[in-house]
Amino acid sequence: MKKYKKRDQFKEEKWKYPFSIVPIFATPVAGYQLDHKQYNKHLDKVVDKTPVSEYPAVHGGVTAYDPKIAKEHRENMHILGDKALEPLLGEIQDCVDHYMEKVGFKPAAIVSSWFNILEKDGYVDAHRHKHSYLSGCYYHTCPEGSSPFQLHDPKAGILNMNKNKPTAKLKRGKEERIVDVEGYWHREKFTAYTYEWTDVPVNSGLLFLFPSYLGHRVKPCKDLKEGEQRINFSFNCIAKEHLEDYTKWAKKHFYDKELDHTKCDERNQ
Ligand SMILES: [Fe+2]
């Protein structure tokens, strides 16, 4: 019964009457600034030697995401698992451990990683990471004009989930959208409860952690100069206690697949 007592105490701390609005169900996102210079040389080498390709969600850039293409790393698509990156991976794992402990979850293990390269005007469509419950980005190279990383409020999606709903056209800036009349969040002003997307400014050496259920994207890097590149490493984690089961599953779904190099970027072949 001890657990229930603790939970009740937590509730009492938050609710103050005669009136309260309480930000329930907090979402833990975390940033760690790492001393990145020590890792740059090794990261550059890994970026140079890893095959990359175009990918439907990545525009104006390339990615090492596709396990069919990342031949050398295809066994687990874990590019941060390269021997030369051991110190960086160790530091990232320390941050993951710290985050999970602070948030109150059991330890997590990094199980897959890749990198994306965006050039001027490059962007990444909104997406979520499957087969993961904690995700992260480590920013290797972030020139000044790099666009922020953006996270999406999952509640905004839930409000639009009803099928056969009455709809209306809503103007949002120049954009006209068909929205769900019953469920759409009709924002009057921006408050802590009404914004849908939030920016995370990025810079070289930033490590950013977020729950994998959050949708995210990168807006077009309009301010990058020609020839500049925004390079980030992304990764997924699962609960350490499920590592064995995950490895069996990954073997079935990743390891034994046929390779297909048809979309590879030629510079890396
Ligand atoms: Fe992503």
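Higher on the page you've got the structure.
Everything quoted here is computed from the prediction, not taken from an experiment. (Residues numbered from 1 in each chain as written. Predicted model: local features only at pLDDT ≥ 70, side-chain atom pairs only at ≥ 80, totals over all residues.)

Chemist: Describe in detail the overall build of the chain, supporting the description with residues and values.
Modeler: A count of helical and extended segments in the chain gives 5 helices and 12 strands. Long-range contacts, defined here as pairs at least 24 residues apart, represent 80% of the contacts in the chain between residues at least 6 apart. (Helix = DSSP H or I, 4+ residues; strand = E, 2+ residues; numbered from the N terminus. Contact = placed C-beta atoms within 7 Å.)

Chemist: Give a detailed account of the pairing of strand β6 (residues 149–152), specifying residues and quantitative values.
Modeler: When a strand is regular, its side chains alternate between the sheet's two faces. Going residue by residue along β6, you find Phe149 and Leu151 tucked away on one face and Gln150 and His152 left uncovered on the opposite face. As defined by bridge partners, β6 adjoins strand β9 (residues 197–200) across 4 bridges and the pair is classed as antiparallel. Within β9, the residue paired with His152 across the bridge is Trp197. (Buried ≥ 20, exposed ≤ 12 C-beta atoms within 10 Å, placed from the backbone. Pairing = 2+ DSSP bridges.)

Chemist: For the environment of Ser53, give the residues involved together with the corresponding values.
Modeler: Relative to the elements of secondary structure, Ser53 occurs in strand β2 (residues 53–55). In the structure, Ser53 is positioned 63 residues away from Asn116 in sequence and 9.6 Å away in space, judged by C-alpha atoms.

Chemist: Now, about helix α3 (residues 86–103): what can you tell me, with residues and values included?
Modeler: Each α-helix winds once per 3.6 residues, and so residues spaced three or four apart point in a common direction. Given a rise of 1.5 Å per residue, 18 residues ought to cover 26 Å, and the 25 Å separating the end C-alpha atoms of α3 matches this to within 8%. Within the span of α3, buried status applies to Leu88, Leu89, Ile92, Val96 and Tyr99. Considered in projection along α3, the buried side chains sweep an arc of 95° and stay on one side of the axis. Exposed and facing more than 90 degrees away from the buried side of α3 are Glu86, Pro87, Gly90, Asp94, Glu101 and Lys102. (Expected span 1.5 Å × (residues − 1). Arc of directions from axis to C-beta.)

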